[in-house]
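Listed below are the residues making up each chain.
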Amino acid sequence: MSENKHLPLGTHIANKYEIIDVLGEDDFEILYLVRSIERKTSFFVVKELFLETFSSRIELSVYTKPEAVGVFNKRVKQIIEELKAQKLNPKASEIKNYGYEQENGTIYTIMGFSSNASVEKYLHFTPKEKTVLPELNNLLKKKKKKFDFVSFLLIALLLLTILGAIFYVYKYIRHDGVENEFIKPKEVVLKKHLQEKEIKPLEEPIVQQISEVKEKTVVPQNIAKPVPINKPVITSKVVLEDNITSIPKKIEEVKKIEVAKEEVTKEELKIEKVKKEVKTRLLVKEFLDAYIDAISHKSSTQTLAYYDASVKRYFQFKNPTHKTIASSQEKYNKKWQHRAFKMVDFEIVKQYSKNNQEYLLVKTLTNWTIKNTKGKKLSGESRGTMTLKKIADGFKITSIK
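Thresholds, definitions, all that
- Residues numbered from 1 in each chain as written.
- Predicted model: local features only at pLDDT ≥ 70, side-chain atom pairs only at ≥ 80, totals over all residues.
- Heavy atoms only, no water.
- Buried < 20%, exposed > 50% of the residue type's maximum accessible area, 1.4 Å probe, protein only.
- Helix = DSSP H or I, 4+ residues; strand = E, 2+ residues; numbered from the N terminus.
- Pairing = 2+ DSSP bridges.
- Salt bridge = Lys/Arg side-chain N within 4 Å of Asp/Glu carboxyl O.
- Expected span 1.5 Å × (residues − 1).
- Contact = heavy atoms within 4.5 Å.
- Axes fitted to C-alpha atoms, helices over the stretch in contact; angles between N-to-C directions.
- Phe/Tyr/Trp six-rings, centres within 6.5 Å; stacked < 30°, edge-to-face > 60°.

Participant: What exactly am I supposed to notice about the pairing of strand 4 (residues 43-49) here?
Facilitator: Successive residues of a regular strand alternate their side chains across the two faces of the sheet. Burial analysis of strand 4 places 7 of its 7 residues in the buried class, which makes it a mostly covered element. Both faces of strand 4 are covered, namely the face carrying Phe-43, Val-45, Lys-47 and Leu-49 and the face carrying Phe-44, Val-46 and Glu-48. As paired elements, strand 3 (residues 29-36) and strand 4 share 7 bridges and run antiparallel to each other. Bridging across to strand 4, Arg-35 finds its partner in Phe-43. Hairpin connection from strand 3 to strand 4: 6 residues lie between these consecutive antiparallel strands. Both strand 4 and strand 8 (residues 106-112) contribute to a ladder of 5 bridges, which runs antiparallel.

Participant: Would you mind showing me how to read unusual backbone geometry here?
Facilitator: What is expected of a backbone is that most residues other than glycine have negative phi and most peptide bonds are trans. Phi is positive for Ala-14, close to 55°, though the residue is something other than glycine. Within the fold, Ala-14 resides in the loop between strand 1 (12-13) and strand 2 (17-25). Owing to a relative accessible area of 19%, Ala-14 belongs among the buried residues under this scheme. In this model, Asn-355 sits at a positive phi of 55°, which is unusual for a non-glycine residue.

Participant: Would you explain the pattern of salt bridges in this entry?
Facilitator: Once the charged atoms of two side chains with opposite charge are near each other, the side chains can pair. Overall, the coordinates contain 12 salt bridges when judged by the stated rule. Between Lys-5 and Glu-52 there is a salt bridge, with its nearest N and O atoms 2.5 Å apart. With Lys-5 in the segment before strand 1 and Glu-52 in the loop between strand 4 and strand 5 (55-58), this residue pair connects regions lying 47 residues apart in the sequence. The salt bridge partner of Glu-101 is Lys-16, with a shortest N-O separation of 3.0 Å. Of this pair, Glu-101 sits in strand 7 (residues 97-103) while Lys-16 sits in the loop between strand 1 and strand 2, placing them 85 residues apart in sequence. Linked by salt bridges that have partners in common, Lys-5, Glu-25 and Glu-52 make up one network.

Participant: Got a minute to help me understand helix 1 (residues 69-88) in this structure?
Facilitator: Since the α-helix packs 3.6 residues into each turn, any two residues three or four apart lie on the same face. In this model, helix 1 (20 residues) spans 29 Å end to end at C-alpha, consistent with the 28 Å of a helix rising 1.5 Å per residue. Among all positions in helix 1, only Val-71, Phe-72, Arg-75, Val-76, Gln-78, Ile-79, Ile-80 and Leu-83 are buried.

Participant: What is the right way to look at the sheet that holds strand 1 in this model?
Facilitator: Picture the strands of a sheet paired through backbone hydrogen bonds; they go either parallel or antiparallel. Strands sit in the order 1-2-3-4-8-7 across an open sheet of 6 strands; the sheet is antiparallel. Only two strands of the sheet have a single neighbouring strand rather than two, namely strand 1 and strand 7. Strands in contact with helix 1 are strand 3, strand 4, strand 7 and strand 8; relative to strand 7, the strand with the most contacts, it is inclined by about 155°.

Participant: What is the right way to read the packing of aromatic side chains from this model?
Facilitator: To describe a pair of aromatic rings, one takes the distance between the centres and the angle between the planes. A complete count under the given rule lists 10 aromatic pairs for this structure. Seen from their ring centres, Tyr-291 and Tyr-307 are 6.1 Å apart, and the 80° between their planes marks the pair as edge-to-face. Of this pair, Tyr-291 sits in helix 7 (residues 243-297) while Tyr-307 sits in the loop between helix 8 (300-303) and strand 11 (313-314), and the two are 16 residues apart along the sequence. Exposure remark for Tyr-291: the relative accessible area of 6% places this residue in the buried category.

Scope: geometric values only; no functional claims are made or implied.
Here it is in structure tokens:
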């Protein structure tokens, strides 16, 4: 985005947490490292809901485009439900959750900070950039500020300059209430021949004549004001536009209106397309999360609910029945009693229709850890391909390998 989408460092969330670093982000979330305002040595990880394509930030608040508000609100409800479920079963997740805060038009998930964990475990999808979490000991160390001699010298010189200017103004403009010599009025120096002559006072006859002139002078009281001459008002005839010459202009206006309507229609179609893609992606994610949870904890019979009645491929089996799928899963579950799967990322490669039925081709990236009762433990990362059949209330798997 053009503007900075991350919250500034030092921002307070719910007056409880202070942001000290940005850890990472994916298409739906931004991850922050925060610490408690009351207890400076307590650190947490806060996850902010922020849709990469449809959200923007003005100051601290998150704003979502109108076409994606419904999807955004639905995701908020899902996050609250997930946190409530984890509160009932805290051992199900490696990351400790402390609840959530709703502020700035979005929701913040509060999680425990662990240097041993990875950014991937905090986010739903693979982060855009790989980030290593800082060590707790490094966060607790207080950084001493270095003495900047150059800055100190510049500030000292600036202060001396200001004080010098004030002193100069004080000295040369006004000192102890006495005017400075610069603003003293200049002395009038009479010419030598005028100074030598003695200036005599006016004689009485001259003074008497001046007073008589003043008495005789009568100022007229009622002087008629000049009458303003009204300028003639020039009236102009209204020229009516000929109907025949106005027809081309009206046709041009109609054409412009039609072009504007077409542009609005195209923009609406783009918005509907994007809205549909976002909704589809969230529905697919919801389905995959539920399926991953089922193969991790539920029985093979319960897992069959995620498969279509007609499955074309189940790993090495072609056109298997539900009985074949259940038997294969039971053998796997007996061999590995403890299973933990997590969907790291997925990509909708293709959407197509066949026999009036919609299908999605999805590529997945999954992290897994399996253990048996003998203590053997394996872990790794797997890439797979699934074909999902769209039904009224979700999807069904028709192929997986």
